[in-house]
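An overview of the molecular structure
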Amino acid sequence: MNNSMDYNFHSHTWRCKHAEMVDDEEFVKAYIKNGFKTLAFTDHTPQNPVIDPRKNIRMDYGQLEDYLTSIETLKARYKDQIDIKTGLEVEYLPELKPFYTSISNRLDLMILGQHFIRRPDGTLVVMGSEELNDEDVERYADMVVTAMEKGLVKLVAHPDYYMLNRTTFGPAQEKAARRICEASLHTGIPLEVNLLPPYKLNQGIIDKVTYPCADFWKIAAEYGVNAIYGLDTHHLPQIDDYKNSIETARRLLNPESIDRLHFVR
């Protein structure tokens, strides 16, 4: 498989407060320059009610209208050059479902990026803030599988995100991987090979990649799941460097595993 792609369904904007502070149109121009034919803006969703209290992680609810209007304007302006889709990257929790339902008719798609889990005592655990215990990993898989089975999302971004900051891949992690892959096969919802850590590795921003996880994708290759590359774009240079990011991901995950996935784009 070559290292070209002409789509990206995982792209953020300045509103999430941790992406490059440039106008949305600059991203569109960069994608067009690099030969992309399809682009989905899927910025981190606001929450109503607010579940995740962290700052600088997602747009405010009051910014949602501006976001939707901006993308619709760019859709019309560049319709002859690139197919732009309006989306959000969401997390699943039962109490957020009514909010997602209320805005779904204004979106082309939602993608799942499960950045936290919630324990039975109500504690919200953000991936990367601490190493998930085996029960937390099971809860992560529960949330991802439920979101897929309910038809909430069209794509699961970084399905191996539960490996963030981990050093071992044990039985609990394997069980989670198999549950997610089986749900992907059952629902037909693709899993994303996330290219943000490979890009950071190329740039010397990090020295170790914990996701995308080779052990996870070896299991995904066994199942032959539907897969898709996702740039997880936060910065313009990621678009220019996408071919190097794909090549780095293939090397990290093993080309044999990657070539056994069923890429749907």
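Since the model is a prediction, treat every value here as computed from it, not as a measurement. (Residues numbered from 1 in each chain as written. Predicted model: local features only at pLDDT ≥ 70, side-chain atom pairs only at ≥ 80, totals over all residues. Heavy atoms only, no water.)

1. Quick word on the overall build of the chain
As a reminder of what qualifies: Put simply, DSSP marks the helices as runs of H or I at least four residues long and the strands as runs of E at least two long, and each gets a number from the N terminus on. Values of the radius of gyration come from C-alpha atoms, whereas the globule rule sets the reference at 2.2 Å times the count of residues to the power 0.38. Think of it in three bands: with a 1.4 Å probe and only protein chains considered, a residue is buried below 20% of the maximum accessible area for its type, exposed above 50%, and partly exposed in between. Should any heavy atoms of two residues lie within 4.5 Å, those residues are considered in contact. Areas reported here follow the Shrake-Rupley algorithm with a probe of radius 1.4 Å; residue values treat only the protein chains shown as occluding. Note on charges: Lys and Arg go in the positive column, Asp and Glu in the negative column, and His and the chain ends are not counted at all. Just so you know, the charge point we use is NZ for Lys, CZ for Arg, CG for Asp and CD for Glu.
Of regular secondary structure, the chain possesses ten helices and ten strands. A globule of 265 residues ought to have a C-alpha radius of gyration of about 18 Å, and the chain, at 17 Å, matches this closely. Expressed along its principal axes, the backbone C-alpha trace of the chain runs to roughly 50 × 45 × 35 Å. The burial tally for the chain puts 56% of its 265 residues in the buried class. Considering only residue pairs separated by 6 or more positions, the chain has 75% of its internal contacts joining residues 24 or more positions apart. If you sum the accessible surface of the chain, you get close to 11,200 Å²; carbon and sulfur atoms cover 47% of it. For the chain, the distance from the average position of its 31 positive side-chain charges to the average position of its 40 negative side-chain charges is 2 Å.

2. So, the packing of aromatic side chains
Operational definition: Two rings belonging to Phe, Tyr or Trp (six-membered ring only in the last case) form a pair when the distance between their centres is within 6.5 Å. Interplanar angles under 30 degrees mark stacking, angles over 60 mark edge-to-face geometry, and anything in between is tilted.
Tallied over the full model, the rule gives ten aromatic pairs. Ring geometry for Tyr140 and Tyr162: centres 5.2 Å apart, planes at 55°, overall tilted. Residue Tyr140 is found in helix α4 (residues 134-149), and its partner Tyr162 is found in the loop between β7 (155-156) and α5 (171-187); the two are separated by 22 residues along the sequence. Given a relative accessible area of 0%, Tyr140 falls into the buried group. Ring geometry for Tyr161 against Tyr211: centres 5.0 Å apart, planes inclined by 75°, an arrangement best described as edge-to-face. Taken together, the residues Tyr161 in the loop between β7 and α5 and Tyr211 in the loop between α6 (196-203) and α7 (214-223) connect sequence positions 50 residues apart. In this pair, the class of Tyr161 matches that of Tyr211, namely buried. Three or more aromatic residues joined by ring pairs make a cluster, and in this case those are Tyr140, Tyr162, Phe216 and Trp217.

3. Quick look at the nonpolar core
The nonpolar side chains of a soluble globular protein tend to be buried, and buried together. Definition in use: Working definition of a nonpolar core: buried Ala, Val, Leu, Ile, Met, Phe, Trp, Tyr and Cys residues. They are joined through side-chain atoms within 4.5 Å.
Of all hydrophobic cores here, the largest spans 88 residues; its most connected members are Met5, Phe41, Tyr162, Leu191, Phe216, Tyr229 and Leu261. Among the elements that line this core, the one with the most residues is α4, at eight residues. When residues no more than four places from it in sequence are discounted, the contact partners of Phe216 are Pro159, Asp160, Tyr162, Phe169, Ala177, Ile180, Cys181 and Leu191.

4. Quick look at the side chain of His12
The condition is simple: Counted as a polar contact is a pair of N or O atoms within 3.5 Å, where, for protein atoms, one must be capable of donating a hydrogen and the other of accepting one, and residues adjacent in sequence contribute only when both atoms are in side chains.
By the element assignment, His12 lies in the loop between β1 (7-11) and α1 (24-33). At 3.1 Å, the side chain of His12 and the side chain of Asp43 are in polar contact. At 3.1 Å, the side chain of His12 forms a polar contact with the side chain of Asp232.

5. What about the side chain of Asp232?
Positionally, Asp232 belongs in the loop between β9 (226-230) and α8 (237-240). Side-chain polar atoms of Asp232 contact the side chain of His10, separated by 3.0 Å. Those residues in contact with Asp232, other than ones at most four positions away along the chain, are Asn8, His10, His12, His158, Asn194, Leu196 and Gln238.

6. What to know about the state of the cysteines
Our working definition: The disulfide criterion is simple: two cysteine sulfur atoms within 2.5 Å.
The final tally for this structure, using the stated rule, is zero disulfides. For Cys181, which is in no disulfide, the shortest distance to another cysteine sulfur is to Cys213 and amounts to 11 Å. With relative accessibility at 0%, the residue Cys181 sits in the buried group.

7. Re α1
Since there are 3.6 residues in each turn of an α-helix, residues three or four apart along the chain are aligned in direction. Looking at α1, one finds that the buried residues are Asp24, Glu25, Phe27, Val28, Ala30 and Tyr31. Elements in contact with the buried residues of α1: β1, β2 (38-44), α2 (64-77), β3 (83-90) and α8.

8. Examining the pairing of strand β8 (residues 191-194)
Residues in a regular strand project their side chains so that they alternate between the two faces of the sheet. To be explicit about the condition: Any two strands with at least two DSSP bridges between them are considered paired.
A two-sided burial pattern is seen for β8, the buried positions comprising Leu191 and Val193 on one face and Glu192 and Asn194 on the other. Bridge analysis of β8 against β9 gives four bridges, and the strand direction is parallel. Paired with Asn194 across the bridge in β9 is Gly230.

9. Some remarks on α5
What counts, and what does not: The span one expects for a helix is its residue count, reduced by one, times 1.5 Å. When we speak of the arc, we mean the arc of directions from the helix axis to the C-beta atoms.
The end-to-end C-alpha distance of α5, which contains 17 residues, comes to 24 Å, matching closely the 24 Å that a straight helix rising 1.5 Å per residue would cover. Looking at α5, one finds that the buried residues are Ala172, Gln173, Ala176, Ala177, Ile180, Cys181, Ala183 and Ser184. Viewed end-on, α5 has its buried residues packed into an arc of 165°, placing them on one side of the element. Set apart from the buried face of α5 by more than 90 degrees, the exposed residues are Pro171 and His186. Contact partners of the buried residues in α5: α4, β8, α7 and β9. Of the residues trailing α5, Gly188 is marked for its positive phi of about 80°.

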